Amino acid sequence: MVLVCTSTQKATGDHEAAEAENNNYHVKGIIVAVGQNSSRIGKEQRIAMEMAVDDFNGSGNHSLLLYTRNSTRQPVHTALAALELINSEEVEAILGPQTWDETSLVAEIASNKQIPLLTFAEAMPNWATEKWPFLLQASPNQFAQMKAVAAIVQSWDWHQVTVIYEDIDSSAAGVIPHLSNALREVGAQIMDVLPLPPFPSSEIAEKLGKLKSGQCRVFVVHLSLELALPLFEQANKLEMMEKGYVWITTDAITSLLHSIDASTMSLMQGILGVRSYFPENKPQFQQFYRRFCKRFGSEYPEEDNHEPGALAVQAYDALWSVALAMKEVRSEAGNKKLFEGISHSDFGGLTGNFQFRSQKVASADIYQIINLKGNTPSKLGFWTEGRGFSHSINENAAYNSSMKDLGKILWPGLPPYTPRGWSLPTSAKSLRIGVPIGSEYKDYVNVLHAELGNAASFKGFVIELFNATVERLPFHLQYNFFPFNGSYDNLVKQIYLEKFDAVVGDVAILAKRCKYADFTPPFTESGLVMVVPVRKSSNKPLLFVKPFTKAMWILILAVSIYNGFVVWLIERKHWPEQQNSAQHQTGMFLWLSFSSLTSLHGEKLHSNLSRMMMVVWLFVALIITQTYTANLTSMLTIQGFEPTADNIESLQSANATVGCANLSFASNYLRDVLHFNSRNIRGYASIDDYASDLRSGKISAVFIEVPLHKIFLARYCKSFTTAGPIHKVGGFGFAFPKGSPLLPRVTEALLNVSESGKLQELENKIIASQKCMEVDLDEKDKEDE
């Protein structure tokens, strides 16, 4: 639809200042308006633009002419109506296409004729101004309101929405992607979409019925008013305006709610709406409002409400931009200069400061939030981009990221609570979740094969953890487990191949797997640990030297010799025997060094300096002897064991064979990172096989992931222990498709499970369920004897 409108308000404020620049210049011009005069939008815009022409002509010696032609919503008819006027009159500007389909056809004609075209389409592609250089978007781009819709969704912790939109290019290619991006930023997603043809049809009831059978109960409606009314009529018949449902309407509907009669408005009770904001309290708008209502009521008495909407105000300002440009440029300058004058418009209009940026009116950054209660929309507050929600728009306004502080909301069906946004679906697609069959630790993942036609069953720690996580999601999630027989790398790749929607199991998070899927944070400790057999501590005859390390023994020896030498040096003049041979003197100070550990030698020491030194040394000696006694007693009381290998280097130097899980990443890690010979790496499918070969000596060590080695050591509690460092790699996580909007919600729920203590409870349950399968090594030795 192409539409050009004028308004009869007297120019005030900035308009009057602009008109006073050159009162002697007589402006003449012809403006074309082609629109659907039978629609409410067409009626309001025509009246508003006629008022703008009257106001401009009345402000000086001007004689602008406005030609209007009624058209249908067919883009071809709109283009023909515009072409008819262009050929019959000396048209200088065209205003009014309401949709992008209409705009694209009229823009081709206008550019060929070099006539400025101001469109009221809600969205315009970036490439359009390059293809049609005389095209201007005279209404604010409505993409910004999608952020306001997303902020409403975030305020009430809804995570899924269904979008109902008009099946036209501007919605499918423009509005929907912007809404999807805005929702993703706040942790929500579009669950389903319902495109409706531009004209009401009998399909609405059938398509709404399918939406009702799903779980999502938050609906974002982006339709024309003519299409929205039958939609809400059918929604009432299907009882979709009852408790539990949420309806959010965009500007295309919300800005025209004032034009709906009371009976129709009763069908839409409880909806939330976003609509364009303009300063209604300013005297400029108040004067326009009074005159518009009077004129509209006289021409359309059949209408119940005569108030102007945002689209009428935008049309008034758009025509003023053309009129002011005509006055400034002069008619003889040509249409190209006129276009430049319009594109450089900058004045205070009814909508605020009116100006173009890159041939588009500056995008709106403030929207009003309404709630339909009774026969009139209730104004809850405002949403400002970059700031959030507020009760008012002024310098002292308090902003909040949530709209919960704006006041009580009337929801459909009048429930006393806020709808949760979802319900159990009557039919919904279940997620296909892959589970590995080949897990060697059945306590973590155990897939019991189907018998006698029954479905396979899935048990284990990971399965219980995933079930607990899903229970904490703020919406219902249907899913089914499916067994997978293959490597863990191939299992994760099935997500990329779209065979599975997720993977649950003892699947380690690895860089190469992140190429095919995204993971939740690890729900287990990460790392790879070496497990080796233990043996009794050897060399019992030398057990007395074990309480101290070699370095400690050397230090004690050095300090003792030093102490004896100092005492000998001080006391040698008082001892006659010190005058003997050097051999005898050496023996004396060595005897002093070691005897000083247990005696002060007070009767033999003559110097006070010697006595002071011996007191200090005796204090140190007492600490050393007590520590030694305690350590030795502990070693004699508790039978000591030691690992058969202390580190990886000892295994490699001995060319030892090591083991790991068959399907695990550990084999590659041992070969590529720890540099074991691939011939010395043996794979296993059972932890019992680990224990058997470790005892027999077929392998010297086994490398197990940290969360699994606890189960191994709990089961084989006597014969094996860990050795060496923990190699930081892996950690188990749930896998989802890359960019999945479900992943943030599952991650949050998993963290809630962990913080509540449920995760630790499940881990303890697994460890406690293990029964030691071995006897003490001493008992084994007795049996062997």
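Residues numbered from 1 in each chain as written. Predicted model: local features only at pLDDT ≥ 70, side-chain atom pairs only at ≥ 80, totals over all residues. Heavy atoms only, no water.

Going by what an unreviewed UniProt entry lists, the chain is known as Glutamate receptor and is assigned to Melia azedarach.

Engineer: Can you lay out a nonpolar patch on the surface for me, pointing to particular residues and giving the numbers?
Structural biologist: On the surface, V616, F619, V620 and I623 cluster together into a nonpolar patch covering about 380 Å² of accessible area. Among the structural elements, F619 can be located in helix 19 (residues 608-637). (Patch = residues over 30% accessible without salt bridge, like charges linked within 9 Å, V, L, I, M, F, W, Y side chains within 5 Å. Areas by Shrake-Rupley, 256 points an atom, 1.4 Å probe, with all protein chains shown as cover. Salt bridge = Lys/Arg side-chain N within 4 Å of Asp/Glu carboxyl O. Helix = DSSP H or I, 4+ residues; strand = E, 2+ residues; numbered from the N terminus.)

Engineer: Lay out the packing of aromatic side chains with the relevant residues and their values.
Structural biologist: Counting across every chain of the model gives 37 aromatic pairs. Ring geometry for F461 against F523: centres 6.3 Å apart, planes inclined by 55°, an arrangement best described as tilted. Pair noted here: F461 is in helix 15 (residues 461-471) and F523 is in the loop between strand 23 (518-519) and strand 24 (528-536), with a separation of 62 residues, a long-range link. Side by side, F461 and F523 carry an identical accessibility label, which is buried. Judged by centre distance (5.2 Å) and plane angle (85°), the ring pair of F466 and Y479 falls under edge-to-face. With a gap of 13 residues between them, F466 in helix 15 and Y479 in strand 21 (residues 479-484) connect regions that are remote in the sequence. Taken together, F56, F278, F285, F288, Y289, F292, F296, Y300, Y316 and W320 form an aromatic cluster joined through their ring pairs. Looking at R420, its charged tip hangs above the ring of W422, at a distance of 4.0 Å from the centre. In this arrangement the basic side chain of R432 is found over the ring face of F482, its NZ or CZ atom lying 3.9 Å from the centre. (Phe/Tyr/Trp six-rings, centres within 6.5 Å; stacked < 30°, edge-to-face > 60°. Buried < 20%, exposed > 50% of the residue type's maximum accessible area, 1.4 Å probe, protein only. Lys NZ or Arg CZ within 6 Å of the ring centre and 35° of its normal.)

Engineer: Report on the layout of surface pockets, specifying residues and quantitative values.
Structural biologist: Reported here for the largest pocket is a volume of approximately 630 Å³. Lining the largest pocket are 26 residues, with Q160, M191, K429, L431 and L477 positioned closest to its centre. Residue composition of the lining of the largest pocket, by class: 12 nonpolar, 10 polar and four charged. In this structure, the second largest pocket encloses a volume near 510 Å³. Considering the residues around the second largest pocket, the lining is formed by 20 residues, among which Y277, T351, G352, N353 and A364 are closest to the centre. Mapped by element, the contributors of at least two residues to the lining of the second largest pocket are helix 13 (310-329) and strand 13 (352-357). With four residues, strand 13 is the largest single contributor of residues to the lining of the second largest pocket. (1 Å grid on protein atoms, 1.4 Å probe; cavity = no way out; pocket = protein on both sides within 12 Å on 5 of 7 lines; lining within 4 Å. Points joined across faces, edges and corners; volume = space filled by probe spheres on them. Nonpolar A, V, L, I, M, F, W, Y, C, P; charged D, E, K, R; others polar.)

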